[in-house]
Amino acid sequence: NNNPQLHIYPTPDEVLASLADYFVELANQAIATHGRFSVALSGGNSPKKLYELLASSPYRSRVIWEKVDFFFGDERYVPHTDPESNYLLAKKTLFAPLHIASAQVFAVDTALSPAEAARRYTQTIEHYFGSKKARFDLVLLGLGDNSHTASLFPHTTVLQEAGVGAKEVFVEEKQAYRITLTAPLINQAQAVAFLVYGTDKAAAVQRVLTKERNVKEFPAQLIAPASGELHWFLDADAAAEVQKL
Ligand code: 6PG
């Protein structure tokens, strides 16, 4: 399923409300059909307001949060107490306000070595999904202004990774390790939603959505769910350089 569905709104707040509605719809569908809703959260700045919105009324009362299992699309290789930690962002904006039990949160163990943390996370995910072919009900993604998503950074070897799991990545431009889900794992999701807003993302959105395939330069082009849905939630600024496809 390679045709992305674009949802473009004038302002970030309207984009966030639309994605929050979509999150609630998917959660209730998944819970109704198989009793749980598994979501891989994105990190960085963009999703902070989404998480705050989901944890506030009316959204917080629209999902049975006890039936939601939280994973991470990627994680910075820092302690969970570090301001850079995607776990800490989710804990402050989602897990704490919604009183999510620790058994529902599957964090990357960044106390291990990068390679061991990735290996462990792969095992955690495999154990959770068992032999089921399908993986996450939803993977939330952001987009870097260099067209990376999760921690699939340009010119890194993880872009060629065929394994369905998590891998460690040394990010040259940050001189730091990340742990990321691989593209084949993300592409086994039932649904993938990019959340991108702001003018500084317009060029990256244009490259990823309209340039001919060049995944080394534009890694987000790797994201093409095998059978799941692909959605882009964009504000007008981020979508400024793409006409309605
Ligand atoms: C991370 C994210 C990463 C992010 C992009 C965009 O861990 O940083 O998962 O892929 O989505 O870098 O980041 P912003 O939302 O901060 O612009």
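Refer to the structure above for everything that follows.
In this text, all values refer to a predicted model and were calculated from it rather than measured experimentally.

Participant: Go over the sheet that holds strand β9 (residues 229-235) with me, naming the residues and quoting the values.
Facilitator: Taken in spatial order, the six strands line up as β1-β9-β8-β5-β2-β3 in an open sheet, and their pairing is parallel. Two strands in the sheet have a free side with no partner beyond their single neighbour: β1 (5-9) and β3 (68-72). The mean inter-strand angle of the sheet, taken between neighbouring strand axes irrespective of direction, is 20 degrees. Against the sheet, helix α4 (residues 114-129) touches β2 (37-41) and β3, its axis set at about 155 degrees to β3. Running over the sheet, helix α6 (residues 202-210) touches β1, β8 (191-196) and β9 and is turned about 155 degrees from β9.

Participant: Requested: an account of the side chain of Ser 42, with residues and values cited.
Facilitator: Assignment of secondary structure puts Ser 42 in the loop between β2 and α2 (48-54). Residues contacting Ser 42, with those up to four places away along its chain left out, are Pro 47, Tyr 51, Leu 140, Leu 141 and Gly 142.

Participant: Talk me through the nonpolar core; I want residue IDs and the actual numbers.
Facilitator: Core analysis: the biggest nonpolar cluster contains 86 residues, and Phe 37, Leu 41, Phe 95, Phe 136, Leu 138 and Trp 232 have the highest contact counts within it. Looking at this core, the element that brings in the most residues is helix α1 (residues 12-34), giving 11 residues.

Participant: Provide a residue-level description of the environment of Ile 31, including the pertinent values.
Facilitator: Considering the arrangement of structural elements, one finds Ile 31 in helix α1. Using a relative accessible area of 12% as the deciding quantity, one classes Ile 31 as buried. Placed 106 residues apart in sequence, Ile 31 and Asp 137 show a C-alpha to C-alpha distance of 10.0 Å. Apart from the residues within four sequence positions on either side, Ile 31 is in contact with Arg 36, Phe 37, Ile 64 and Lys 67.

Conventions we followed
- Residues numbered from 1 in each chain as written.
- Predicted model: local features only at pLDDT ≥ 70, side-chain atom pairs only at ≥ 80, totals over all residues.
- Heavy atoms only, no water.
- Pairing = 2+ DSSP bridges.
- Helix = DSSP H or I, 4+ residues; strand = E, 2+ residues; numbered from the N terminus.
- Axes fitted to C-alpha atoms, helices over the stretch in contact; angles between N-to-C directions.
- Contact = heavy atoms within 4.5 Å.
- Core = buried A, V, L, I, M, F, W, Y, C linked by side-chain atoms within 4.5 Å.
- Buried < 20%, exposed > 50% of the residue type's maximum accessible area, 1.4 Å probe, protein only.

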